[in-house]
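Each chain, letter by letter, is given below.
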Amino acid sequence: MFKKVLIVDDAAFIRAMLKRLIEDNGFLVAGEAENGEEAMRLYKSIHPELVIMDITMPLMDGLEATKRIRQIDPDAKIVIISARGEKPMVVKAIEAGAQDFIVKPFEVPRVLKTLNKFR
């Protein structure tokens, strides 16, 4: 059975790269969102087992979306993937409820290692 993944990033090319990587490694991309508000709506409807979330997005950023998704589902598994990899931002992401943090530009082995933690 494939694990359902929701990809949330305002950059279409990042979503496309992640989708290919995720699907090539035995996961199912059940949805894509380009902002936190859309992520909230999709999370409620598709109930993914994993969310891969950018931080900097329009309408609602990834930190706020992470907090709100975790309020809806305290067991939600969320990985932040962002170019904003400085230590204070990583701490904020973990405090918001993220289980992991990947820095962009991401390296494929790092993403695969993270995906494998959620199999």
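Residues numbered from 1 in each chain as written. Predicted model: local features only at pLDDT ≥ 70, side-chain atom pairs only at ≥ 80, totals over all residues. Heavy atoms only, no water.

**Student:** Talk me through the packing of helix H2 (residues 36–46) against helix H3 (residues 62–72); I want residue IDs and the actual numbers.
**Tutor:** Direction vectors running N to C along H2 and H3 enclose 20 degrees, while the axes themselves pass 9 Å from each other. Here H2 lies roughly parallel to H3, going by the angle between them. Viewed along their axes, H2 and H3 form a crossing whose handedness is right-handed. For the pair formed by H2 and H3, the contact residues are Gly36, Ala39, Met40, Tyr43 and Lys44 on the first element and Ala65, Arg68, Ile69 and Ile72 on the second. (Axes fitted to C-alpha atoms, helices over the stretch in contact; angles between N-to-C directions. Helix = DSSP H or I, 4+ residues; strand = E, 2+ residues; numbered from the N terminus. Parallel < 35°, antiparallel > 145°, perpendicular 65-115°, else oblique. Left-handed = near helix turned anticlockwise from the far one by under 90°. Contact = heavy atoms within 4.5 Å.)

**Student:** How would you sum up the packing of H3 against helix H4 (residues 87–96)? Please name residues and give values.
**Tutor:** Look at H3 against H4: their axes get within 8 Å of each other, and the N-to-C directions meet at 20 degrees. One finds that H3 runs roughly parallel with respect to H4. For the pair H3 and H4, the crossing hand works out as right-handed. Facing Leu63, Thr66, Lys67 and Arg70 of H3, the residues of H4 in contact are Met89, Lys92, Ala93 and Ala96. Class assignment of the residues belonging to the contact of H3 with H4 gives a composition of four nonpolar, one polar and three charged. (Nonpolar A, V, L, I, M, F, W, Y, C, P; charged D, E, K, R; others polar.)

**Student:** Lay out the nonpolar core with the relevant residues and their values.
**Tutor:** The biggest cluster of nonpolar side chains holds 23 residues, and the ones touching the most others in it are Val8, Val51, Met53, Ile69, Ile78 and Ile80. Sorting the residues of this core by element identifies strand S1 (3–8), H2, strand S3 (50–53), H3, strand S4 (78–82) and H4 as the ones contributing at least two each. With four residues, the top contributor of residues to this core is H2. Non-local contacts of Ile78, meaning those with residues more than four positions away in its chain, are made with Val51, Met53, Thr66, Ile69, Arg70, Ala98, Gln99 and Asp100. One finds Leu21, Val29, Ile102 and Val111 within the second-largest nonpolar core, a separate group that totals 18 residues. (Core = buried A, V, L, I, M, F, W, Y, C linked by side-chain atoms within 4.5 Å. Buried < 20%, exposed > 50% of the residue type's maximum accessible area, 1.4 Å probe, protein only.)

**Student:** Give me helix H5 (residues 108–117): which residues, what numbers.
**Tutor:** Along H5, the residues classified as buried are Val111, Thr114 and Leu115. Along the long axis of H5, the arc covered by the buried residues comes to 100 degrees, so they all point the same way. Of the residues in H5, the exposed ones pointing more than 90 degrees away from the buried face are Pro109, Lys113 and Lys117. (Arc of directions from axis to C-beta.)

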